[in-house]
Amino acid sequence: MDVKHAIEKRRAYRSLEHIEITEDLIKDLAQSAQLFCSCFNNQPWRYVFVYDPEVLKKMYDTLSQGNEWAQSASLIIAVFSKPELDCIIKDRKYYLFDTGMATAALILRATELGLVAHPIAGYSPKKVKEILNIPIEREVITLIIIGKHSEEINPLLSEKQIEAERKRPERLSFDKFVYMNSCKGNIE
Ligand SMILES: Cc1cc2nc3c(=O)[nH]c(=O)nc-3n(C[C@H](O)[C@H](O)[C@H](O)COP(=O)(O)O)c2cc1C
């Protein structure tokens, strides 16, 4: 699969089937992040791969209302970092940017492997840190919910979520986010 195809194929589906999680899969996903660029090669990203059924069960309790669908995860990747792990240039802190880029590479690789890799922000970072022994001063940036897309709609989904399973949510048109040479006059 070429990159363009993976970008187009990637979707944040919420109806998931179980898949077997192997050490090879985890290494493959981790390597996609490992090779990404970062400011001064600081590599600020950190990942906890959660696939032990007992720990996965504990993670359900961290999910916010509306994210019950994520209980079908075969693997949850907790993505964390802290500002000091990356460049801080005046008021520009690069840890979120670099961790986001590396995580996008991991998500695209998962897509190429035929998996759903759905990032979420709806969880309790405090509970996640407690369960996974992540030091308190680190920021849990996202949880990536991994599984295989199921054609059968998850009964826990709301109407809006069901609609998003069927049709990719609308995107901004180019004129709302692409500027040629200058953004004078039309910036939103
Ligand atoms: C940082 C981030 C946080 C998100 N949080 C949630 C979430 O808590 N629950 C959820 O169901 N989807 C969440 N999503 C998924 C988005 O809703 C989804 O990517 C968006 O609607 C576009 O759909 P698509 O990815 O299928 O194109 C999140 C995505 C990102 C990147």
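Structure's up top.
Everything quoted here is computed from the prediction, not taken from an experiment. Each chain carries its own residue numbering, running from 1 in the direction its sequence is written. At least 70 in pLDDT is required for a residue's local features to be given in this predicted model, at least 80 for side-chain atom pairs to be given and counted, and no such filter applies to totals for whole chains, interfaces and linings, which use all residues. Heavy atoms from the whole structure form the basis of all side-chain values; hydrogens and water molecules are not counted.

What follows concerns helix 6 (residues 159-166). Where helix 6 is concerned, the buried positions are Gln161, Ile162, Ala164 and Glu165. The arc enclosing the buried residues of helix 6, seen along the axis, measures out at 160°, which places them on a common side. Turned more than 90 degrees away from the buried face of helix 6 sit Glu159, Lys160, Glu163 and Arg166, all of them exposed. Should any heavy atoms of two residues lie within 4.5 Å, those residues are considered in contact. By the criteria applied, helices consist of DSSP H or I runs no shorter than four residues and strands consist of E runs no shorter than two, each listed in order from the N terminus. Buried residues along helix 6 sit against strand 7 (139-149). Burial status follows relative accessibility: with a 1.4 Å probe on protein chains alone, a residue under 20% of its type maximum counts as buried, one over 50% as exposed, and anything between as partly exposed. Arc definition: it is the arc formed by the directions from the helix axis to the C-beta atoms.

Of all residues adjacent to the ligand, which total 14 residues, the nearest are Arg11, Ala12, Arg14, Asn67 and Arg171. Polar contacts, as used here, are pairs of N or O atoms within 3.5 Å; protein pairs need one atom able to donate a hydrogen and one able to accept it. Residues neighboring in sequence count only if both atoms are side-chain atoms. Here an oxygen atom of the ligand sits 2.6 Å away from a polar atom, N or O, in the side chain of Arg11. One nitrogen or oxygen atom from the main chain of Ala12 is found 2.8 Å from an oxygen atom belonging to the ligand. Here, Shrake-Rupley sampling with a 1.4 Å probe gives the accessible areas, and only protein chains in the shown set may cover a residue. Protein chains bury 66% of the 620 Å² of accessible surface belonging to the ligand in isolation. Any residue with a non-hydrogen atom lying within 4 Å of a molecule or strand is treated as near it.

All right, on to the packing of helix 2 (residues 23-34) against helix 4 (residues 95-112) then. At their nearest, the axes of helix 2 and helix 4 sit 7 Å apart, and the two run at 140° to each other. Considering the angle they form, helix 2 stands oblique to helix 4. Regarding helix 2 and helix 4, the two cross each other, and that crossing is right-handed. Every residue of helix 4 that contacts helix 2 at Asp28, Leu29, Ser32 and Ala33 is listed here: Ala102, Ala105, Leu106, Arg109 and Ala110. Three classes are used: nonpolar for Ala, Val, Leu, Ile, Met, Phe, Trp, Tyr, Cys and Pro, charged for Asp, Glu, Lys and Arg, and polar for all others, with Gly counted as polar. Looking at the contact of helix 2 with helix 4 residue by residue, the classes come out as six nonpolar, one polar and two charged. To define axes, lines are fitted to C-alpha atoms, for helices over the stretch in contact only, and angles between the resulting N-to-C directions are given on a 0 to 180 degree scale. Here the word oblique covers every angle except those under 35 degrees (roughly parallel), over 145 (roughly antiparallel) and from 65 to 115 (roughly perpendicular). Whether a crossing is left-handed or right-handed is set by the direction in which the near helix is turned from the far one by less than a right angle, anticlockwise for left-handed and clockwise for right-handed.

By secondary structure assignment, the location of Glu188 is in the segment after helix 7 (174-177). On the accessibility criterion, Glu188 (73% relative accessible area) is exposed. When the C-alpha atoms of Glu188 and Arg138 are compared, they prove to be 33 Å apart, with 50 residues separating the residues in sequence. Once you skip the residues sitting within four places of it in the chain, Glu188 turns out to touch Lys176 and Tyr179.

The subject of this paragraph is the pattern of salt bridges. A carboxyl oxygen of Asp or Glu within 4 Å of a side-chain nitrogen of Lys or Arg is what we treat as a salt bridge. Counted under the stated rule, the structure contains eight salt bridges. A salt bridge links Glu8 to Lys4, with the nearest nitrogen and oxygen atoms 3.4 Å apart. Taken as a pair, Glu8 and Lys4 lie in helix 1 (residues 3-9) at a separation of four residues, close to a single helical turn. Of the charged contacts, one joins Lys27 and Glu23 as a salt bridge, the two residues approaching to 3.4 Å between their closest N and O atoms.

In this section: the packing of helix 3 (residues 53-60) against helix 5 (residues 125-132). The geometry of helix 3 relative to helix 5 is characterised by a closest axis approach of 10 Å and an angle of 160° between their N-to-C directions. Taken together, the axes of helix 3 and helix 5 are roughly antiparallel relative to one another. When the axes of helix 3 and helix 5 are compared, the crossing they make is right-handed. Along the contact surface, helix 3 presents Val55, Lys58 and Met59, while helix 5 presents Val128, Ile131 and Leu132. Residues that form the contact of helix 3 with helix 5 fall into these classes: five nonpolar, no polar and one charged.

Turning to the packing of aromatic side chains, a few remarks are in order. Planes of paired rings set the category: under 30 degrees apart is stacked, over 60 is edge-to-face and the rest tilted, where pairs are Phe, Tyr or Trp rings (Trp by its six-membered ring) whose centres lie within 6.5 Å. For the structure on display, the rule yields three aromatic pairs. Centroid distance Tyr94 to Phe97: 6.4 Å. Interplanar angle 80°. Geometry classified as edge-to-face. We call a charge positioned over a ring when the NZ of a Lys or the CZ of an Arg lies within 6 Å of the ring centre and within 35 degrees of the ring normal. A cation sits over an aromatic face here: Arg11 above Tyr13, 4.8 Å from the ring centre.

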